[in-house]
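# Commentary on secondary and tertiary structure
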Amino acid sequence: MKKLLVLLFIGTCGLSYGQASFQGNQLLDVYGGGPNFMKYNFYGGGPNSLGSVGTTSIPPSGLKYSYMISNDMSIGVDVMYNSLRQSYVSTDTVFVDTAWTYVTSNYMDLKSRLRIQARFNFMIPTSSPNVDSYFGLAVGTNNRWQKQWVNGLLTNNENSSTLVQVPVSARICYGFRYFFNYNMSIGAEVGIGGPLFSAQFSYKF
């Protein structure tokens, strides 16, 4: 995907003006990307963990809607979600009858994040009438959840009030869409404040 991104980025740079979307167009994007940084901040695994039993991960994915208010700019909304669920067995020490003993328990941890952002795309002139090239800015909410079950019982349930220090999220990115017909396109984005890399399918109406 990196090679495709580089080739299409080079292709968008030219002296002539080309663009696929114009004032009045509406676009709906479905996308998925990565990496899922929750995998690198797994809060449940510890020195007593006996290994992961199962992992279910939803990488940063979402839905974007944008409306071209001019030939040079669109406004819209970006809804982004990602999560990580892991199950494992851990041996813990507990104090029973005046003595320490070892108890093996089944754990399941769930972390999730939801961001709803106002999105602004600024169009960049390209050398192809089939390509949209844009620089994007977004700002919005920053909601997180974290839960833990031990032997099937919910023992920890936290939300944004305790997990989030900055309640606002933001994103800066560069993206493109290649329209293989008037309505449909494929594309990609690179950015920070969300997936570093993402692929997207777009529908223009």
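Everything that follows concerns the structure shown earlier in this document.
Note that the coordinates shown come from a computational prediction; the quantities given were computed from them, not determined experimentally. (Residues numbered from 1 in each chain as written. Predicted model: local features only at pLDDT ≥ 70, side-chain atom pairs only at ≥ 80, totals over all residues. Heavy atoms only, no water.)

### Examining the side chain of aspartate 29
As for its placement among the helices and strands, aspartate 29 is situated in strand β1 (residues 26-34). A polar side-chain atom of aspartate 29 sits 3.1 Å from a polar atom in the side chain of arginine 177. Within the local environment of aspartate 29, its side chain forms a polar contact with the side chain of serine 202, the two groups lying 2.5 Å apart. Leaving out residues up to four positions away in the same chain, aspartate 29 has contacts with Gly62, Leu63, Lys64, Arg177, Gln200, Phe201 and Ser202. (Helix = DSSP H or I, 4+ residues; strand = E, 2+ residues; numbered from the N terminus. Polar contact = N/O pair within 3.5 Å; in protein donor to acceptor, adjacent residues only side chain to side chain. Contact = heavy atoms within 4.5 Å.)

### Digging into the pattern of salt bridges
Within the structure shown, the criterion is met by 6 salt bridges. Its salt-bridge partner being arginine 119, residue glutamate 189 comes within 2.6 Å of it at the nearest N-O pair. You can see glutamate 189 sitting in strand β9 (residues 184-192) and its partner arginine 119 sitting in strand β4 (residues 99-124), a full 70 residues away along the chain. You can call glutamate 189 buried: its relative accessible area is 3%. Between arginine 171 and glutamate 189 there is a salt bridge, and its shortest N-O distance comes to 3.2 Å. With arginine 171 in strand β8 (residues 168-179) and glutamate 189 in strand β9, this pair connects stretches of sequence that are 18 residues apart. Pair check on accessibility: arginine 171 and glutamate 189 agree, each one buried. Each of the salt bridges in this network shares a partner with another, and the network as a whole consists of Lys64, Asp78, Arg119, Arg171 and Glu189. (Salt bridge = Lys/Arg side-chain N within 4 Å of Asp/Glu carboxyl O. Buried < 20%, exposed > 50% of the residue type's maximum accessible area, 1.4 Å probe, protein only.)

### Section: the environment of glycine 136
Inspection of the secondary structure assignment puts glycine 136 in strand β5 (residues 131-141). On the basis of relative accessibility, which here comes to 0%, the residue glycine 136 falls in the buried class. Taking the C-alpha atoms as reference points, glycine 136 and methionine 123, separated by 13 residues in sequence, lie 8.7 Å from one another. With sequence-adjacent residues up to four places away left out, glycine 136 is seen in contact with Arg119, Phe120, Asn121, Arg171, Ile172 and Cys173.

### Structural notes on the pairing of strand β7 (residues 153-158)
Relative to β7, strand β6 (residues 143-150) runs antiparallel, the two being bridged by 5 bridges. Pairing of glutamine 148 across the sheet is with asparagine 156, part of β7. Between β6 and β7, which follow one another and run antiparallel, lie 2 residues, and asparagine 151 among them has a positive phi close to 50 degrees. (Pairing = 2+ DSSP bridges.)

### A word on the packing of aromatic side chains
All chains considered together, the criterion is met by 2 aromatic pairs. Here tyrosine 88 and tyrosine 107 contribute two aromatic rings whose centre-to-centre distance is 5.2 Å and whose plane-to-plane angle is 10 degrees, an arrangement assigned as stacked. Of this pair, tyrosine 88 sits in strand β3 (residues 73-96) while tyrosine 107 is found in strand β4, placing the two residues 19 residues apart along the sequence. Its relative accessible area of 3% is what places tyrosine 88 among the buried residues. For lysine 64, the ring lying beneath its charged end belongs to tyrosine 31, and the centroid distance is 5.1 Å. The ring of tyrosine 182 carries lysine 204 above its face, with NZ or CZ at 4.2 Å from the centroid. (Phe/Tyr/Trp six-rings, centres within 6.5 Å; stacked < 30°, edge-to-face > 60°. Lys NZ or Arg CZ within 6 Å of the ring centre and 35° of its normal.)

### Here's the deal with empty space enclosed by the protein
Tallying each qualifying case throughout the model produces 1 cavity of 30 Å³ or more. As a volume, the largest cavity reaches approximately 30 Å³. What lines the largest cavity is Tyr31, Lys64, Asp78, Met80, Arg119, Arg171, Glu189, Pro195 and Ser198. The residue inventory of the lining of the largest cavity, partitioned by class, reads 3 nonpolar, 1 polar and 5 charged. (1 Å grid on protein atoms, 1.4 Å probe; cavity = no way out; pocket = protein on both sides within 12 Å on 5 of 7 lines; lining within 4 Å. Points joined across faces, edges and corners; volume = space filled by probe spheres on them. Nonpolar A, V, L, I, M, F, W, Y, C, P; charged D, E, K, R; others polar.)

### What about unusual backbone geometry?
Put simply, glycine 34 and proline 35 share a cis peptide bond, and its omega is -5 degrees. Residues other than glycine seldom take positive phi values, yet asparagine 151 does so here, at roughly 50 degrees. The residue asparagine 151 is located in the loop between β6 and β7 in this model.

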